[in-house]
Amino acid sequence: MNTNFEIPVRNEGETSIVFASDYLNKISGEKIERECKRQIETGCKTLVVNFKDTEIVNSIGVSILLGVIDAAANAGTQIVFSEVSEETNQLFEMLGLTNHVKMAA
Amino acid sequence: MPDNQQKLIHTFSALADLGQEVAHKNNFQEMISTSLHLLLGSLAIMRGGVARYSRFGHELNFLAVRGLGDDFPLSASLEISDEKEFLNAGMTDIEVSQAKMLAFFQRYQKVLERKKIEIIMPLIIRDELVGLVFLGEKASGEPFTDLDRDIVRAMARHIGVGIHQRNLMVELERRADENRRLYDDMRLTYRDTVKAFATAIDCKDKYTEGHSVRVGKYSEIIAEELGWGEEEVEGVAVAGYLHDVGKLTVERNIINAPYRINAKESAELNKHPGVGYEILLPIHHPYTDVPLAAKYHHERLDGRGYPDGLSDSEIPYIAKIVNLADSFDAMTTDRPYKRRRPANEVIEDLKRNSGKQFAPEIVTAFYNGMLTELTGKDKRKRFRRLLGREYMESEGIVPLLKQALNGMDGTSSLTFIGAG
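Residues numbered from 1 in each chain as written. Chains lettered and ligands numbered in written order. Predicted model: local features only at pLDDT ≥ 70, side-chain atom pairs only at ≥ 80, totals over all residues. Heavy atoms only, no water.

J.: Looking at this model, I keep getting lost on the overall build of chain A. Mind explaining?
T.: Regarding its fold elements, chain A presents three helices and five strands. Traced from its N-terminal end to its C-terminal end, chain A shows the element sequence β-β-α-β-α-β-α-β. Overall, the C-alpha framework of chain A stretches about 30 × 30 × 20 Å when taken along its three principal axes. Counting over 105 residues, chain A shows a buried share of 54%. (Helix = DSSP H or I, 4+ residues; strand = E, 2+ residues; numbered from the N terminus. Buried < 20%, exposed > 50% of the residue type's maximum accessible area, 1.4 Å probe, protein only.)

Here is the structure:
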């Protein structure tokens, strides 16, 4: 398992953007969760998770995103999911993730 | 795609992934962590944990948790009565809000409520409670449907099987370790008994005190030089220790006679290999051929030995080793009727009798053992301890050994049957 990959992150003022990529769907995706939590802990007001390179999200990916949502809720950080494919968007809606996050194009 | 269809595809792919995890993951901890992700992610459950139950410690230990926070206790006690209640419930989900009459829930009610745990699923495999799965609320905020519960049950069963397999593996390893320890203890006991026997054999002969032990050690050196494995080396050492066990039945005055014994006495003494064989045969030795080494350690390659006058290929290899070790010790220790011979003479003698009495490759192995010690390549001082430093370091031994080795054909067994 490749655990040495770098998580792409961009900071714009009080907003942090984390790029999920396809690593989200493996146990190594916990690294993405840790990076999101690190951004939350550093005090960003809004955390954007970008899915532009994420084709599908499986159950592991959903579980990891729930961990991010939980951490953000505890810290009062707003979560935004951006560039989510239509299929993934449907899945998030069906599972209720969209109750906790703002969806952006 | 209709919602229900997409949901089914999502959960079934999670179930399939979980099956793969349990069947193929070697790393147990990673398997459990991934399984919990798959379970939570399949229904978007906000938090949960998987705990293993130890029947011996009556303890639940969490193997993986998600979203339960740092203050969640990772270990909990489980009474026998709790275990019975879970077993009675079977592998079905228990709603925390409906289970307040159960003792376990009464004890942990506060923490379960604080952490919003909604469902507990006992993991029961082959009528045995192997763990519990704890699940919090769904991200949708909706209650668990019957289909959700079926999915949870199916996935939890996979996780239970994974834990059960792990428990079996741990138990197997524990038993294997225990067996190994028992086997080692038995081997030690056996070896100590053998050494005690060797001492008893040697006590009968005041001139050859320590003979059996030395023959055992020389045999061990030869087997090592021949590249034998640890067990085989140990086996040949034992054969050396016990090769003269038959002498226990020979009259002490024959063994200790301070003169060359007569034909009748010699015939009596020469029975000891056969008697030794009879003594050793009924014993279940952990090594093969120990009785054969006792029976044939006076046979010679040229067929002039006793008791059966066997020749080269008929003599068991182990007996050939013990034969050389025995002869070497006889030549290098004082006997009632003659003094020990100088090292250079003994080396020459072994070479001269190579192919007649001794197998050439065994003589070569023995020379090599001596040479590696004398040249310092082998730091163990085994020959010096057995023969004395002065004896082993007498002048000219190393060149003599090198010369002897150069002239030896150590690759084949019987090379020449001479007139002797």
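J.: I would appreciate a short explanation of the sheet that holds strand E6 (residues 128-135) of chain B in the present structure.
T.: All names here are of chain B. Reading across from one edge, E3-E2-E1-E6-E5-E4 is the order of the six strands in this open sheet, with antiparallel pairing throughout. Across the chains shown, the open sheet's two edge strands, defined by having one partner strand only, are strand E3 (75-77) and strand E4 (94-95). Across three bridges, strand E2 (residues 59-66) lies against E3 in antiparallel orientation. Looking across to E3, one finds that Leu60 is bridged to Ala76. (Pairing = 2+ DSSP bridges.)

J.: Whenever I open this one, empty space enclosed by the protein confuses me. Can you help?
T.: Regions of empty space are outlined by a rolling probe, equal in size to a water molecule, passed over the atoms. All names here are of chain B. If you walk through the whole model with that rule in mind, you get three cavities of 30 Å³ or more. The space that makes up the largest cavity amounts to roughly 60 Å³. Along its surface, the largest cavity is lined by Leu60, Phe62, Phe72, Pro73, Ala76, Phe104, Tyr108, Val111, Leu112 and Phe134. Of all elements in the fold, only E2 and helix H4 (103-114) reach the threshold of two or more residues within the lining of the largest cavity. For the lining of the largest cavity, the leading source of residues is H4, giving four residues. When grouped by side-chain class, the residues that make up the lining of the largest cavity number 10 nonpolar, no polar and no charged. In this model, the second largest cavity occupies a volume close to 40 Å³. Around the second largest cavity, the lining residues are Ile201, Asp202, Asp205, Thr208, His211, Asp244, Lys247 and Ile255. Residues of the lining of the second largest cavity, tallied by class, amount to two nonpolar, two polar and four charged. (1 Å grid on protein atoms, 1.4 Å probe; cavity = no way out; pocket = protein on both sides within 12 Å on 5 of 7 lines; lining within 4 Å. Points joined across faces, edges and corners; volume = space filled by probe spheres on them. Nonpolar A, V, L, I, M, F, W, Y, C, P; charged D, E, K, R; others polar.)

J.: What should I look at first to understand the interface of chain A and chain B in this one?
T.: How big an interface is tends to be stated in terms of the accessible area lost upon association of its parts. In this complex, chain A contributes 24 residues to the contact, which on the side of chain B involves 24 residues. With both sides pooled, the region where chain A packs onto chain B buries about 1,900 Å², and carbon together with sulfur makes up 57% of that total. Looking only at chain A, the three residues that lose the most surface to chain B are Ser59, Met94 and Leu95 of chain A, adding up to 30% of its buried area. Between Arg47 of chain B and Asp70 of chain A there is a salt bridge, with its nearest N and O atoms 3.4 Å apart. Counting across the interface, chain A meets chain B through eight residue pairs in polar contact (both at pLDDT 80 or more). Put simply, the parts of the chain that give the side of chain A that touches chain B at least two residues each are helix H1 (30-41), helix H2 (59-75) and helix H3 (86-95) of chain A. (Contact = heavy atoms within 4.5 Å. Buried area = accessible area lost by both parts, 1.4 Å probe. Salt bridge = Lys/Arg side-chain N within 4 Å of Asp/Glu carboxyl O. Polar contact = N/O pair within 3.5 Å; in protein donor to acceptor, adjacent residues only side chain to side chain.)

J.: Is there a simple way to think about H2 of chain A in this case?
T.: For an α-helix, the turn length of 3.6 residues means that residues three or four places apart are oriented alike. Residues and elements named next belong to chain A. When the terminal C-alpha atoms of H2 are compared, their 24 Å separation across 17 residues agrees well with the 24 Å that a helix rising 1.5 Å per residue should span. Most of H2 sits out of view: 14 of its 17 residues are buried. Phi turns positive one or two residues past the end of H2, at Gly76, with a value near 75°. (Expected span 1.5 Å × (residues − 1).)

J.: Help me understand the nonpolar core, please; the structure alone is not making it clear to me.
T.: Across soluble globular proteins, you tend to see nonpolar side chains buried next to one another. Of all hydrophobic cores here, the largest spans 63 residues; its most connected members are Phe51, Leu65, Phe81 and Leu97 of chain A together with Ile32 and Ile163 of chain B. When residues of this core are assigned to their parent elements, the largest contribution, nine residues, is made by H2 of chain A. When neighbours within four sequence positions are excluded, Ile32 of chain B is seen to be in contact with Val50, Leu63, Ala64, Ile159 and Ile163 of chain B. Ranked by size, the runner-up nonpolar core spans 41 residues in total, among them Leu301, Ile347, Ala365 and Leu387 of chain B. (Core = buried A, V, L, I, M, F, W, Y, C linked by side-chain atoms within 4.5 Å.)

J.: Can you help me understand the packing of helix H6 (residues 211-225) of chain B against helix H12 (residues 317-332) of chain B in this one?
T.: Any two packed helices are characterised by how steeply their axes cross, that is the angle between the axes, and by the distance between the axes. All names here are of chain B. In the contact formed by H6 and H12, the axes pass within 8 Å of each other and the chain directions differ by 130°. Relative to H12, the element H6 lies oblique. The interaxial crossing formed by H6 with H12 has right-handed handedness. Here H6 contributes His211, Arg214, Val215, Tyr218, Ser219 and Ile222 to the contact with H12, which in turn contributes Ile321, Val322, Leu324, Ala325, Asp326, Phe328, Asp329 and Thr332. Split into classes, the residues belonging to the contact of H6 with H12 amount to eight nonpolar, three polar and three charged. (Axes fitted to C-alpha atoms, helices over the stretch in contact; angles between N-to-C directions. Parallel < 35°, antiparallel > 145°, perpendicular 65-115°, else oblique. Left-handed = near helix turned anticlockwise from the far one by under 90°.)

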